[in-house]
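The chain contents come next:
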Amino acid sequence: MALATIGHHIDYEWVKYAYDCTRKDGAVGVDGQSGDEYAVNLERNLSGLIDRLKSGSYRAPPVRRHYIEKADGGQRGLGIPSFEDKVAQRAIALLLEPIYEVDFSACSYGFRRGHSAHEALRAVWGGVTKDGGRWVLDVDIRKYFDSIDHARLREFLARRVTDGVVRRLIDKWLKAGVLEEGRLSFPEVGTPQGGVISPLLGNIFLHYVLDEWFGGEVQPRLRGPSTLVRYADDFVMLFAYKDDAERVLAVLGRRLGRYGLELHPDKTSMVDFRHRPKPAKEEADGSLATSFNFLGFTHVWVRSRQGRVVVRQVTAKDRFARARKAINQQCRKMRHWPVREQHQRLCRMLRGHFAYFGITGNRKRLASLKYGVEQCWRKWLSRRSTKSLIPWAAFKGILKRFPLPKPRTAH
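Attention here is on the structure that accompanies the text. Here the structure is a predicted model, which is why all the values come from computation and not from measurement. (Residues numbered from 1 in each chain as written. Predicted model: local features only at pLDDT ≥ 70, side-chain atom pairs only at ≥ 80, totals over all residues. Heavy atoms only, no water.)

Some remarks on the side chain of lysine 370
Okay, step 1: On the secondary structure map, lysine 370 appears in helix H13 (residues 363-382).
Okay, step 2: If we skip the residues at most four places from it in the chain, lysine 370 touches Leu350, Phe354, Leu404, Pro405, Lys406 and Pro407. (Helix = DSSP H or I, 4+ residues; strand = E, 2+ residues; numbered from the N terminus. Contact = heavy atoms within 4.5 Å.)

Structure, rendered in structure tokens:
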């Protein structure tokens, strides 16, 4: 059922809560205004924003294009809204989230309150161990957020939301434009990554394109059990039988193509995830079968201490390398800082890594990273005054005074 009137909820208390939920230290948009500057006249600014939102006179400023490095060496383009635009987008997202939480499928975990990447990882583990998912479709949608069709998205939104205030605001954000190196462009498709409301719009789009289709049309026609696990635009499909996986892969590209999306030909594949009792060659980490990556973890078959074959989720090599690179750059940058301040920064970085990657069965990779941090720290501390390395005995004395966090299983 479509909801015709939800815009009346946009009052001062609602927008003030949206402001409280918005990061104040994020990158600034095209107007250069920071969260601290906006807070100087907060009540007046929020009251003016509410008037413009409800009267329809609000003008969505273009987003500022910023690029970040991707794991594969490419660049990901982010669209950074102005601070006030972030508050406005947050206010509308807060209106829409409870509406769509009723509709969203259990297979969707990304950017939803009460859901997390670790729940998605547990769902993948369950799909392999409990439902016999031995054939895996590892799927990548090429430039998903840049490819969302505006007309199709409006059709999907119309199924649940017809409120004029909300719909007009979303249209303004879709048409706001992108400012890059002084040039303003107006893409006819896509919603900027970095926008506050973009993850929700992306979830809504794939809910209708993928989740409903897979659950309502695909699964009833399959021979055996299957599992879809999606985190935003990153998803895997697990099947008990090879022919089921092949049939879905054959039609998946056409299904996405109907809505303007395209499978990445080099990053989409079918993985034979059956374990072999006697593999021809066992890898150094004990893996026994072809692996696949999802949400920063590599899924592999390993032998437990009791000799049983079990599924493990370990830090993916590219994510491990990225963490080592970031730590090396940080150690180089702060080599002339006081040792205490260096220690505090490294502890924060390690705790953040352990908080995400600290899952059962991944302790060796965590310990390896900690050892790598010690090596890196020793190298750059040594270069404060000389090119010769600090002797290990002397460096152990530093570690005794400034111990680094130990690997821990957080999940």
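What about the side chain of arginine 255?
Okay, step 1: On the secondary structure map, arginine 255 appears in helix H10 (residues 242-257).
Okay, step 2: Despite its burial, arginine 255 pairs with no opposite charge, the nearest such side chain being glutamate 217 at 4.8 Å.
Okay, step 3: Apart from residues lying up to four places away in sequence, arginine 255 is in contact with Tyr208, Val209 and Trp213. (Buried < 20%, exposed > 50% of the residue type's maximum accessible area, 1.4 Å probe, protein only. Lys, Arg positive; Asp, Glu negative; His and termini not counted. Salt bridge = Lys/Arg side-chain N within 4 Å of Asp/Glu carboxyl O.)

Observations regarding the sheet that holds strand E9 (residues 292-294)
Okay, step 1: A sheet is described by the order of its strands in space; here three strands give the open sequence E9-E10-E11, paired in antiparallel fashion. Edge positions in the sheet fall to E9 and strand E11 (309-315), since each of these pairs with one other strand and no more. With strand direction ignored, the average angle separating the axes of adjacent strands in the sheet is 40°.
Okay, step 2: Bridge count between strand E10 (residues 297-303) and E11: seven bridges; the pairing is antiparallel. Bridge pairing in E11 places threonine 298 opposite valine 314. (Pairing = 2+ DSSP bridges. Axes fitted to C-alpha atoms, helices over the stretch in contact; angles between N-to-C directions.)

As for the environment of valine 161
Okay, step 1: Position of valine 161 among the secondary structure elements: in the loop between helix H7 (150-158) and helix H8 (164-174).
Okay, step 2: As for valine 161 and threonine 298, which are separated by 137 residues in sequence, their C-alpha atoms are 39 Å apart.

Focus on the sheet that holds strand E4 (residues 178-180)
Okay, step 1: Reading across from one edge, E2-E1-E4-E5 is the order of the four strands in this open sheet, with mixed pairing throughout. The sheet is open, and its two borders are formed by strand E2 (75-80) and strand E5 (183-185), each paired with just one other strand. Within this sheet the neighbouring strands show an average axis-to-axis angle of 40°, counted without direction.

Notes on the environment of isoleucine 80
Okay, step 1: Looking at where isoleucine 80 falls in the secondary structure, it is placed in strand E2.
Okay, step 2: What isoleucine 80 contacts, discounting residues up to four positions off in sequence, is Ala27, Val28, Gly29, Val63, Arg64, His66 and Lys86.

Some remarks on empty space enclosed by the protein
Okay, step 1: Overall, the coordinates contain three cavities of 30 Å³ or more when judged by the stated rule.
Okay, step 2: Computed from the structure, the largest cavity encloses a volume of approximately 90 Å³.
Okay, step 3: Along the walls of the largest cavity sit 14 residues, with Gln89, Trp173, Thr191, Pro192 and Ile197 positioned nearest its centre.
Okay, step 4: Secondary-structure elements contributing two or more residues to the lining of the largest cavity are helix H4 (83-101), H8 and helix H9 (198-218).
Okay, step 5: When residues of the lining of the largest cavity are assigned to their parent elements, the largest contribution, three residues, is made by H8.
Okay, step 6: For the lining of the largest cavity, a count of residues per class yields nine nonpolar, four polar and one charged.
Okay, step 7: Lining the second largest cavity are Leu53, Lys54, Gly56, Val165, Arg168, Leu169 and Lys172.
Okay, step 8: Counting only elements with at least two residues in the lining of the second largest cavity, the list comes to helix H3 (42-55) and H8.
Okay, step 9: Top element by residues in the lining of the second largest cavity is H8. It accounts for four residues. (1 Å grid on protein atoms, 1.4 Å probe; cavity = no way out; pocket = protein on both sides within 12 Å on 5 of 7 lines; lining within 4 Å. Points joined across faces, edges and corners; volume = space filled by probe spheres on them. Nonpolar A, V, L, I, M, F, W, Y, C, P; charged D, E, K, R; others polar.)

Quick look at the packing of aromatic side chains
Okay, step 1: Scanning the entire structure with this criterion turns up 17 aromatic pairs.
Okay, step 2: Note on phenylalanine 214 and phenylalanine 239: the rings are 6.3 Å apart at their centroids and 70° apart in plane angle, and the pair reads as edge-to-face. Remark: phenylalanine 239 occurs in strand E7 (residues 234-239) and phenylalanine 214 occurs in helix H9; sequence separation between them is 25 residues.
Okay, step 3: Here phenylalanine 214 falls in the buried class, since its relative accessible area comes to 2%.
Okay, step 4: For phenylalanine 239, a relative accessible area of 0% puts it in the buried group.
Okay, step 5: An aromatic cluster of at least three residues, connected via ring pairs, comprises Phe156, Phe205, Tyr208 and Tyr259.
Okay, step 6: Looking at lysine 24, its charged tip hangs above the ring of tyrosine 19, at a distance of 4.5 Å from the centre.
Okay, step 7: Of note, arginine 383 hangs over the ring of tryptophan 380, and the distance from its end group to the ring centre comes to 4.8 Å. (Phe/Tyr/Trp six-rings, centres within 6.5 Å; stacked < 30°, edge-to-face > 60°. Lys NZ or Arg CZ within 6 Å of the ring centre and 35° of its normal.)

Quick word on helix H12 (residues 339-357)
Okay, step 1: In a regular helix each residue adds 1.5 Å, so 19 residues correspond to 27 Å; H12 covers 27 Å between its end C-alpha atoms and thus fits that length.
Okay, step 2: Within H12, the full set of buried residues consists of Gln342, His343, Leu346, Cys347, Leu350, His353, Phe354 and Phe357. For H12, the arc enclosing every buried residue in end-on projection is 135°, short of the 170-degree limit, so these residues lie on one face. Exposed residues lying more than 90 degrees from the buried face of H12 are Arg340 and Arg348.
Okay, step 3: Looking at the packing, one finds that the buried side of H12 touches E10, E11, helix H11 (317-333) and H13. (Expected span 1.5 Å × (residues − 1). Arc of directions from axis to C-beta.)

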